[in-house]
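# Structural features, examined
If you want the building blocks of each chain, they are given just below.
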Amino acid sequence: MPTQALSSAKWKEAGKAGFQLLPDVLLKKQSALELSATDLVVLINVTMHWWYAEQRPFPRASVIASRMGVEPRTVQRSMKRLTELGLLRKEIENKGTEREREVCDLSGLVDRLDRLAQTDPDYLARTHAKETAREAAL
């Protein structure tokens, strides 16, 4: 069943309004990542704009702030903190052209989550189950 259909089956019409894939380990390890509740919501909003691995998101702090019901400065402070934590890096894309824009590189977040996932009990159970099934098939 396609992902959109699964989302609609679970979330009804809300699933048709859009959804994103987000690793559970981000929520499970929020404390280990030193994320405040505000940092987590800002980060989720940034990842909402990241549809393809090769295309970095470029959300505006003012848009995220409006969604959250906070001042843009709150979002800017949170993004600075995410940068200091090494989870997010801002870069200028298409520098010196009319298409110049500031984008968010989330490779730091991806790398941290990758390392944390490898010790997650659910990850270990799933990878062990796959290995066992592969061995049984041989």
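Attention here is on the structure that accompanies the text. Quick caveat: nothing in here was measured; it's all calculated off a predicted structure. (Residues numbered from 1 in each chain as written. Predicted model: local features only at pLDDT ≥ 70, side-chain atom pairs only at ≥ 80, totals over all residues. Heavy atoms only, no water.)

Across all of its chains, the model carries 11 salt bridges by this definition. Ionic pairing is found between Arg56 and Glu93, a salt bridge with its closest N-O pair at 3.2 Å. Separated by 37 residues along the polypeptide, Arg56 in the loop between helix H4 (37-48) and helix H5 (61-68) and Glu93 in strand S1 (residues 89-93) bring together distant segments of the chain. Owing to a relative accessible area of 18%, Glu93 belongs among the buried residues under this scheme. A salt bridge links Lys80 to Glu84, with the nearest nitrogen and oxygen atoms 3.6 Å apart. Separated by four residues within a single helix, Lys80 and Glu84 lie in helix H6 (residues 72-84), roughly one turn from each other. Exposure remark for Lys80: the relative accessible area of 52% places this residue in the exposed category. Residue classification places Glu84 among the exposed residues on the basis of a relative accessible area of 59%. (Salt bridge = Lys/Arg side-chain N within 4 Å of Asp/Glu carboxyl O. Helix = DSSP H or I, 4+ residues; strand = E, 2+ residues; numbered from the N terminus. Buried < 20%, exposed > 50% of the residue type's maximum accessible area, 1.4 Å probe, protein only.)

Geometry of a packed helix pair, given as the angle between the helix axes and the separation of the axes. At their nearest, the axes of H4 and H5 sit 10 Å apart, and the two run at 120° to each other. Here H4 is positioned oblique relative to H5, judged by the angle of their axes. Considering how the two elements wind past one another, H4 and H5 form a crossing that is right-handed. Where H4 abuts H5, its residues Thr38, Val41, Val42, Asn45, Val46 and Met48 lie against Ile64, Arg67 and Met68. (Axes fitted to C-alpha atoms, helices over the stretch in contact; angles between N-to-C directions. Parallel < 35°, antiparallel > 145°, perpendicular 65-115°, else oblique. Left-handed = near helix turned anticlockwise from the far one by under 90°. Contact = heavy atoms within 4.5 Å.)

Axis separation between H5 and H6 bottoms out at 8 Å; the angle between their running directions is 115°. Overall, the two elements H5 and H6 adopt an arrangement that is roughly perpendicular. Crossing of H5 against H6: the hand is right-handed. In this structure, H5 contributes Ala61, Ser62, Ile64, Ala65 and Met68 to the contact, and H6 contributes Pro72, Val75 and Gln76.

Further remarks concern unusual backbone geometry. Positive phi outside glycine occurs at Lys12, with the angle close to 60°. With respect to the helices, strands and loops of the structure, Lys12 is situated in the loop between helix H1 (3-11) and helix H2 (13-16).

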